[in-house]
Amino acid sequence: MDTTITLKVDGERHELTVDTRTTLLDALRDGLGVYSPKKGCDHGQCGACTVLLAGRRVLACLALAVAHDGAEVTTAAGLGRGDELHPVARAFLDHDGFQCGYCTPGQICSAVGMLAEAEREWPSHVTEDLEAPVEMDEAEIRERMSGNICRCGAYPGIVGAIGEVLR
Amino acid sequence: MIPFVYSRPGDAAEAVEAVAGDPGATFLAGGTNLVDHMKLGIASPTALVDVREVVDDAVEELPGGGVRIGAGTTNSELAAHPLVRRRYPLLSSALLAGASGQLRNMATTGGNLLQRTRCVYFQDVTTPCNKREPGSGCSALEGHGRDNAVLGASERCVATHPSDMAVAMLALDAEVRVLGPSGERRVPLADFHRLPGAEPERDTVLEHGELITAVDLPAPQEGARSTYRKVRERASYAFALVSVAALVSVRGGQIADTRIAFGGVAHAPWRARRAEEVLRGRPVTETAFRVAAEAEFAEARTGRDNAFKVPLAINTCAAVLRSLTEVNG
Ligand SMILES: Cc1cc2nc3c(=O)[nH]c(=O)nc-3n(C[C@H](O)[C@H](O)[C@H](O)COP(=O)(O)OP(=O)(O)OC[C@H]3O[C@@H](n4cnc5c(N)ncnc54)[C@H](O)[C@@H]3O)c2cc1C
Ligand code: SF4
Ligand code: FES
Ligand code: FES
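What you are looking at is a predicted structure, and each value in this text was computed from that prediction instead of being measured.

Conventions used here
Residues numbered from 1 in each chain as written. Chains lettered and ligands numbered in written order. Predicted model: local features only at pLDDT ≥ 70, side-chain atom pairs only at ≥ 80, totals over all residues. Heavy atoms only, no water. Contact = heavy atoms within 4.5 Å. Buried area = accessible area lost by both parts, 1.4 Å probe. Salt bridge = Lys/Arg side-chain N within 4 Å of Asp/Glu carboxyl O. Polar contact = N/O pair within 3.5 Å; in protein donor to acceptor, adjacent residues only side chain to side chain. Helix = DSSP H or I, 4+ residues; strand = E, 2+ residues; numbered from the N terminus. Pairing = 2+ DSSP bridges. Axes fitted to C-alpha atoms, helices over the stretch in contact; angles between N-to-C directions. Buried < 20%, exposed > 50% of the residue type's maximum accessible area, 1.4 Å probe, protein only.

At the interface, 40 residues of chain B touch 37 residues of chain A. Both faces considered, chain B and chain A share a buried interface measuring about 3100 Å² in area, 57% of it formed by carbon and sulfur atoms. When the area that chain B buries against chain A is broken down by residue, the three leading residues are Arg-85, Gln-102 and Tyr-237 of chain B, summing to 21%. Counting across the interface, chain B meets chain A through two salt bridges. Across the pair Arg-56 of chain A and Glu-77 of chain B runs a salt bridge, and its minimum N-O distance is 2.5 Å. Applying the counting rule to chain B against chain A returns 21 residue pairs in polar contact (both at pLDDT 80 or more). Looking at the side of chain B that touches chain A, the elements with two or more residues in it are strand 1 (5-7), helix 2 (34-40), strand 3 (47-50), helix 3 (75-80), helix 4 (82-87), helix 5 (89-96) and helix 6 (101-106) of chain B.

Residue and element names in this part refer to chain B. Spatial strand order, 1-3-2: three strands in an open sheet with parallel pairing. Two strands bound the open sheet, and with one partner strand each, they are strand 1 and strand 2 (25-28). Neighbour to neighbour, the strand axes of the sheet diverge by 25 degrees on average, direction disregarded. Pairing of strand 2 with strand 3 involves four bridges; the strand directions are parallel. Of the residues in strand 3, the one forming a bridge with Ala-25 is Ala-47. Sheet contacts for helix 1 (residues 12-20): strand 2 and strand 3; angle to strand 2, the most-contacted strand, approximately 145 degrees.

Okay, the pairing of strand 6 (residues 175-180) of chain B next. All names here are of chain B. Burial of strand 6 is extensive: five of the six residues sit out of reach of the surface. Direction of pairing for strand 6 relative to strand 7 (residues 183-188): antiparallel, over a ladder of six bridges. Pairing of Glu-175 across the sheet is with Pro-188, part of strand 7. The sheet contact formed by strand 6 and strand 8 (residues 211-217) spans five bridges and is antiparallel. Within the sheet, the bridge partner assigned to Val-176 lies in strand 8 and is Val-215.

Written out as structure tokens, the structure reads:
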């Protein structure tokens, strides 16, 4: 069943026709040639497909494109300004926050979304006091990033990179 | 995935009408369970009715001190809501112990209640499963049984309910507000999820086309301490082997009142009425905690792979009660 939808991706508006069965991830990659979000598991288990929807991190593999007609999507590729890297992406480079790089765009989008959540004082599973201001330490970073799996095990670098952005 | 029609109804009544009048139609919320199931071939709706814009996504105070949670409230907004953090911290804890940051941003309150079992055979269409295909048999009885229920199972199905949120809500005496073709009804959460019996294909008492509009929580118990503890195979991003939600109030060294619910042990979130009864009026002692938890599991039935769940649940329950009754703890 084909439908025409509009997506604003990394600042650019696109109109595209998708089958209702198309996920947001497939619409981005196959429909628009936006290859920054990756397909890892396609079942919500790895985080490789993480994008920001109106600033919030979500999994594009479990979102149907039709259900997000008109949405504003930001991928890792759209985070920087021109040739200038986003501070989170810069920190991933400086801290070796990746090896093969496959999970990296998802990690970076997730980190950006997660930092905004912390800014909003959202607690996490490891936050001791649900009513006190959130203190972002290593345990908090690890817990909040647990939805992003890295097959290369670059976790120390990822945690280090995010820690630097927080400083 | 088979083709389907997607629609956005104008209001809740229209959504109900669209699904109630079409046996192939299903509500869509965050999609984190349903879209996965459509990919796996477990669910094959021919029409998806998107309810995200027709159910409330707010948390409101009710007269009398309770709160109403709109069914469209995301798991992350609910966990972070100041009213919930202050009055029902175990609900925040349960939500934050579930899934991942990305999933909680998508998952809704209604969808979370209706998420289906993670039984590996249910999710694998090449194997018999009475829940997925009534009458085909239950592969989990003889197969991989680590996740199987220990309470309230039937020979037709031994699956467990995976929600963390629902376990906390059950301990909080939540009530589910439902809109159907013939109007509104309220269902206590304790009566909402079913045990499998002869119809494991039915997870809840909802009829086709009934829409969850909200969940109401009564006013918090004065002076009660509460917590949610989840035991799982890794520190984060894993379903519960066993979980415990509990509220306890102590007066003069005695347990004045308590409410306890377990996750991971049954086809539904499990309210521990027996343990509660044993504890009420008893002095706060380690023996009381153990006797109560053991009473709850007196009729537990285990198989080859899941016997560990009984001592795990008893120990977790006792540990939770201990932590909630420690002076200055
Ligand atoms: C990798 C992974 C890990 C997870 N880990 C956990 C975990 O640790 N703990 C946990 O509790 N959960 C976990 N989840 C499950 C997650 O919490 C659920 O998928 C989510 O809560 C479902 O909500 P949704 O809004 O996305 O529902 P959807 O997928 O949109 O819908 C689910 C079902 O509910 C129905 N529905 C939705 N809204 C309504 C309504 N208002 N009225 C009537 N019917 C409705 C739909 O028709 C569908 O049948 C995990 C999921 C994944 C993918
Ligand atoms: S336990 Fe239930 S869900 Fe699992 S295979 Fe048996 S019938 Fe299916
Ligand atoms: S591809 Fe979406 S979570 Fe793995
Ligand atoms: S860098 Fe290879 S998967 Fe993470």
